[in-house]
Amino acid sequence: MKEYFDFLIQHIKESALDKEAVPIAALLVYHGRIISHHVNGRDPLEHAEMRVLKEGQEKLGAKLKDAVLYVTLEPCEMCKAAISLSGVKKVYFGAYNDKSVVDKNIAYYGGFCEEKCSALLKDFFKNKRPS
């Protein structure tokens, strides 16, 4: 599992990430194979989770019930709704999202590489909101 988070963190650092996009990455795994990985886009609807779910459905079909989602930040409410509709049953995330609400239909596991995932976000917002 740590290797997936290391991959996501490296993906954020190496990607041509738009400096206006929040540094969040997601990865979709199906039977141990990476199906899709994305970072947030600049558009407010281009969350990394939404992008991997869409690509996953294009590759695997409508339901992703055997897929597992890994994301550097606990998903927002929009993404949680999409995750629920997609059929994904397990989500592993790095940093906690203070604004998140619990969804009892999906198993969420958090705190993986939390310090590294949190640092990416803190650095981003520190540069966006100078003291």
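The rules behind the values
Residues numbered from 1 in each chain as written. Predicted model: local features only at pLDDT ≥ 70, side-chain atom pairs only at ≥ 80, totals over all residues. Heavy atoms only, no water. Helix = DSSP H or I, 4+ residues; strand = E, 2+ residues; numbered from the N terminus. Rg over C-alpha atoms; globule rule 2.2 N^0.38 Å. Contact = heavy atoms within 4.5 Å. Areas by Shrake-Rupley, 256 points an atom, 1.4 Å probe, with all protein chains shown as cover. Axes fitted to C-alpha atoms, helices over the stretch in contact; angles between N-to-C directions. Parallel < 35°, antiparallel > 145°, perpendicular 65-115°, else oblique. Left-handed = near helix turned anticlockwise from the far one by under 90°. Nonpolar A, V, L, I, M, F, W, Y, C, P; charged D, E, K, R; others polar. Expected span 1.5 Å × (residues − 1). Buried < 20%, exposed > 50% of the residue type's maximum accessible area, 1.4 Å probe, protein only. Arc of directions from axis to C-beta. Core = buried A, V, L, I, M, F, W, Y, C linked by side-chain atoms within 4.5 Å.

Draft legend 1. Main features of the overall build of the chain. For the chain, the helix and strand inventory stands at four helices and five strands. Relative to the globule expectation of 14 Å for 131 residues, the C-alpha radius of gyration of the chain, 14 Å, shows essentially globular dimensions. With respect to the principal axes defined by its C-alpha atoms, the chain has extents near 45 × 30 × 30 Å. Looking at the chain alone, contacts between residues at least 24 apart form 46% of all its contacts between residues at least 6 apart. Accessible surface, the chain as shown: approximately 7500 Å² in total, 53% of it carbon and sulfur.

Draft legend 2. Local environment of the packing of helix α1 (residues 2-14) against helix α4 (residues 114-128). At their nearest, the axes of α1 and α4 sit 10 Å apart, and the two run at 20° to each other. Viewed along their axes, α1 and α4 adopt a mutual orientation that is roughly parallel. Taken as a pair, α1 and α4 cross one another with a handedness that is left-handed. Only Lys116, Cys117 and Leu120 of α4 make contact with α1, whose side of the interface consists of Lys2, Phe5, Asp6, Ile9, Ile12 and Lys13. Residue composition of the contact of α1 with α4, by class: five nonpolar, no polar and four charged.

Draft legend 3. Structural view of α4. Here α4 is 15 residues long and its end C-alpha atoms lie 21 Å apart, about the 21 Å a rise of 1.5 Å per residue gives. Along α4, the residues classified as buried are Cys117, Ser118, Leu120, Leu121 and Phe124. Projection of α4 onto a plane perpendicular to its axis shows the buried side chains occupying an angular sector of 150°, all on one side. Exposed residues on α4 whose side chains face more than 90 degrees from its buried face are Glu115, Lys122, Lys126 and Asn127. Buried positions along α4 lie against α1, β3 (67-73) and β4 (90-95).

Draft legend 4. Spatial organisation of the environment of Leu85. Locating Leu85 in the fold gives a position in helix α3 (residues 77-86). The exposure class assigned to Leu85 is exposed, which follows from its relative accessible area of 65%.

Draft legend 5. Spatial organisation of the nonpolar core. Residues Phe5, Leu28, Leu69, Tyr70, Ile83, Val88 and Val91 are the most contacted members of the largest nonpolar core, which totals 35 residues. Of all the secondary structure elements, the ones that give two or more residues to this core are α1, β1 (25-30), α2 (48-60), β3, α3, β4 and α4. In terms of residues, this core owes the most to one element, β3, which gives six residues. Discounting residues that sit within four places of it in the chain, Phe5 has contacts with Tyr70, Val71, Tyr92, Phe93, Gly94, Phe112, Cys113 and Cys117.

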